[in-house]
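Topology and contacts: notes
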Amino acid sequence: MSGQLKEVRDRMKSVRSTQQITKAMKMVSAAKLRRAQDAIVQMRPYANKLEEMLKHILSNVDTDISNVYSRRRRPEKALVVVITSDRGLCGAFNSNIIKAAVKRIDDRYEQVRKNGGLSILCIGKRGYDFFRKRYKDCTIIKDHVQLFSDLSFNNAAKVADAMMQAFIDLEYDAIDVSYGRFKNPATQYAEMVSYLPVPIESKKIRSRRADYIFEPDEEKLLKELIPSILEVQFHKFLLDTSASEHGARMTAMDKATENAEELLRELRIGYNKARQEAITKELSEIVGGAAALEG
């Protein structure tokens, strides 16, 4: 019985140690989440308005520069960008982003993959580890795996510029991005978007053609404006994923702490029952021994 009690005590000690770790990780994630949430909340209205403006402009102007970014081609070579976190312990956050990317590949680029024309750009170690092992027939690009170590706009813009140039040079016919969209600290979901070519507005909206006045001239302005908007949009994807990661990890660690507390409660009950049984057995042996001496 003493051996059984020791085993339960050791297990309780292990659970308490794990609970302390999950509490600490929750606090760290909560602190990081505040900064990441502030960044994406401030960025999103600006980025969304620019994205809306970009679609509207490309739907209403007829210049070579606009066609470069919106021209649709039959996809023979495609790039799928997968933005995940570097670390785990954040629930199903990374797996959901990966599932969204896999679904897009299976639904839209299955033939491209069979022909050897599919490339996967991984940002974040979790996504890289998955695709490196399971998609050996694709070109896995790992140049920016550790981009989350410095999420500055300049670093994001360099990646966006490289993708835009590759699209212009016909290295890729389509570029899609899978990332984690942040809603609130408790809710994040995977989102798959078409990055290039830029989606244009529907025919119904396009029928209401806007009469823009460009200053300086249209071509010069669009040459600077369109890449800038696409850079901001890609930076938003990264900030969204960063906030989503910390929110998912905070939620997961909070749940893990609660589960540890519930497990400790069950272990305490079991320990007290076993201890009570041991005491009762010892008392019975003492009473029995005393009765035998009196007899």
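Summary of the structure given here. The shown structure was predicted, so the numbers you read here are calculated from the model rather than taken from an experiment. (Residues numbered from 1 in each chain as written. Predicted model: local features only at pLDDT ≥ 70, side-chain atom pairs only at ≥ 80, totals over all residues. Heavy atoms only, no water.)

The next thing to look at is the overall build of the protein chain. In terms of helices and strands, the protein chain carries eight helices and five strands. Helices and strands appear in the protein chain in the N-to-C order α-α-β-α-α-β-α-β-α-β-β-α-α. For the protein chain, whose C-alpha radius of gyration is 29 Å, the value lies well above the compact-globule estimate of 19 Å for 295 residues. Once the C-alpha set of the protein chain is aligned to its principal axes, its extents read approximately 115 × 40 × 35 Å. (Helix = DSSP H or I, 4+ residues; strand = E, 2+ residues; numbered from the N terminus. Rg over C-alpha atoms; globule rule 2.2 N^0.38 Å.)

Another point: the pattern of salt bridges. Under the counting rule described, the total for this entry stands at 17 salt bridges. With its nearest N and O atoms 3.5 Å apart, the salt bridge here joins Glu76 to Arg74. Of the charged contacts, one joins Asp176 and Arg108 as a salt bridge, the two residues approaching to 3.8 Å between their closest N and O atoms. With Asp176 in strand β4 (residues 174-184) and Arg108 in helix α3 (residues 93-108), this residue pair connects regions lying 68 residues apart in the sequence. By relative accessible area, Asp176 is classed as buried at 1%. Using a relative accessible area of 45% as the deciding quantity, one classes Arg108 as partly exposed. One salt-bridge network, held together by shared partners, links Arg44, Lys236 and Asp240. (Salt bridge = Lys/Arg side-chain N within 4 Å of Asp/Glu carboxyl O. Buried < 20%, exposed > 50% of the residue type's maximum accessible area, 1.4 Å probe, protein only.)

Now for the state of the cysteines. By definition, a disulfide links two cysteine residues through a covalent bond between their sulfur atoms. Inspection of the entire model under this criterion finds zero disulfides. No disulfide involves Cys122; its nearest neighbouring cysteine sulfur is the one of Cys138, lying 10 Å away. Look at Cys122 and you get buried, because its relative accessible area is 0%. (Disulfide = S-S within 2.5 Å.)

The next subject is the packing of aromatic side chains. Taken as a whole, this structure holds seven aromatic pairs when the rule is applied. Note on Phe130 and Phe131: the rings are 5.0 Å apart at their centroids and 85° apart in plane angle, and the pair reads as edge-to-face. With a relative accessible area of 0%, Phe131 lands in the buried category. When the ring of Tyr195 is compared with that of Phe237, the centres are 6.2 Å apart and the planes differ by 65°; the resulting orientation is edge-to-face. Pair noted here: Tyr195 is in strand β5 (residues 187-196) and Phe237 is in helix α8 (residues 218-294), with a separation of 42 residues, a long-range link. In this structure Tyr195 comes out as buried when scored by relative accessible area, which is 1%. Among the aromatic residues, those joined into a cluster by ring pairs are Tyr179, Tyr195, Phe234 and Phe237. (Phe/Tyr/Trp six-rings, centres within 6.5 Å; stacked < 30°, edge-to-face > 60°.)

This brings us to the pairing of strand β2 (residues 118-123). Counted residue by residue, β2 has six buried out of six residues, so it is predominantly covered. Along β2, one buried face is formed by Leu118, Ile120 and Cys122 and the opposite face, lined by Ser119, Leu121 and Ile123, is buried too. Pairing analysis gives six bridges linking strand β1 (residues 78-83) to β2, with the strands arranged parallel. Bridging across to β2, Val82 finds its partner in Cys122. Looking at chain direction, β2 and strand β3 (residues 139-141) are connected through three bridges and run parallel. Opposite Ser119, over in β3, you have Thr139 as the bridge partner. Viewed along the sheet, the connection from β2 through helix α5 (residues 125-134) into β3 turns out right-handed. (Pairing = 2+ DSSP bridges. Right-handed = clockwise from strand over helix to strand, strands pointing away.)

Moving on: the nonpolar core. Val81, Ile83, Tyr195 and Phe234 are the most contacted members of the largest nonpolar core, which has 49 residues in total. Of all the secondary structure elements, the ones that give two or more residues to this core are α1 (2-60), β1, β2, α6 (153-168), β4, β5 and α8. With residues up to four places along the chain from it excluded, the contact list for Val81 reads Leu121, Ile123, Met163, Ile175, Asp176, Val177, Ser178 and Phe234. (Core = buried A, V, L, I, M, F, W, Y, C linked by side-chain atoms within 4.5 Å. Contact = heavy atoms within 4.5 Å.)

On the surface, a cluster of positive charge is made up of Lys32, Arg34, Arg35 and Arg87. Summarising the element assignment, Arg35 is placed in helix α1. (Patch = residues over 30% accessible without salt bridge, like charges linked within 9 Å, V, L, I, M, F, W, Y side chains within 5 Å. Areas by Shrake-Rupley, 256 points an atom, 1.4 Å probe, with all protein chains shown as cover. Lys, Arg positive; Asp, Glu negative; His and termini not counted. Charge placed at Lys NZ, Arg CZ, Asp CG, Glu CD.)

This next bit is on the packing of α3 against α5. Packing of α3 against α5 leaves a shortest axis separation of 10 Å and a crossing angle of 45°. In terms of orientation, α3 and α5 fall into the oblique class. In the crossing of α3 with α5, the sense of the turn from one axis to the other is right-handed. Residue-level inspection shows Asn94, Ile98, Ala101, Val102 and Ile105 of α3 in contact with α5, the latter providing Arg126, Gly127, Phe130 and Phe131. (Axes fitted to C-alpha atoms, helices over the stretch in contact; angles between N-to-C directions. Parallel < 35°, antiparallel > 145°, perpendicular 65-115°, else oblique. Left-handed = near helix turned anticlockwise from the far one by under 90°.)

So, on to α6. Taking 1.5 Å per residue, 16 residues should reach 22 Å; α6 reaches 22 Å between its end C-alpha atoms and fits that length. Along α6, the positions that sit buried rather than exposed are Ala156, Ala157, Val159, Ala160, Met163, Met164, Ala166 and Phe167. Looking one or two places after α6, you find Leu170, whose phi comes out positive at around 70°. (Expected span 1.5 Å × (residues − 1).)

Note that every value here comes from positions in space, so none of it alone points to a role or purpose.
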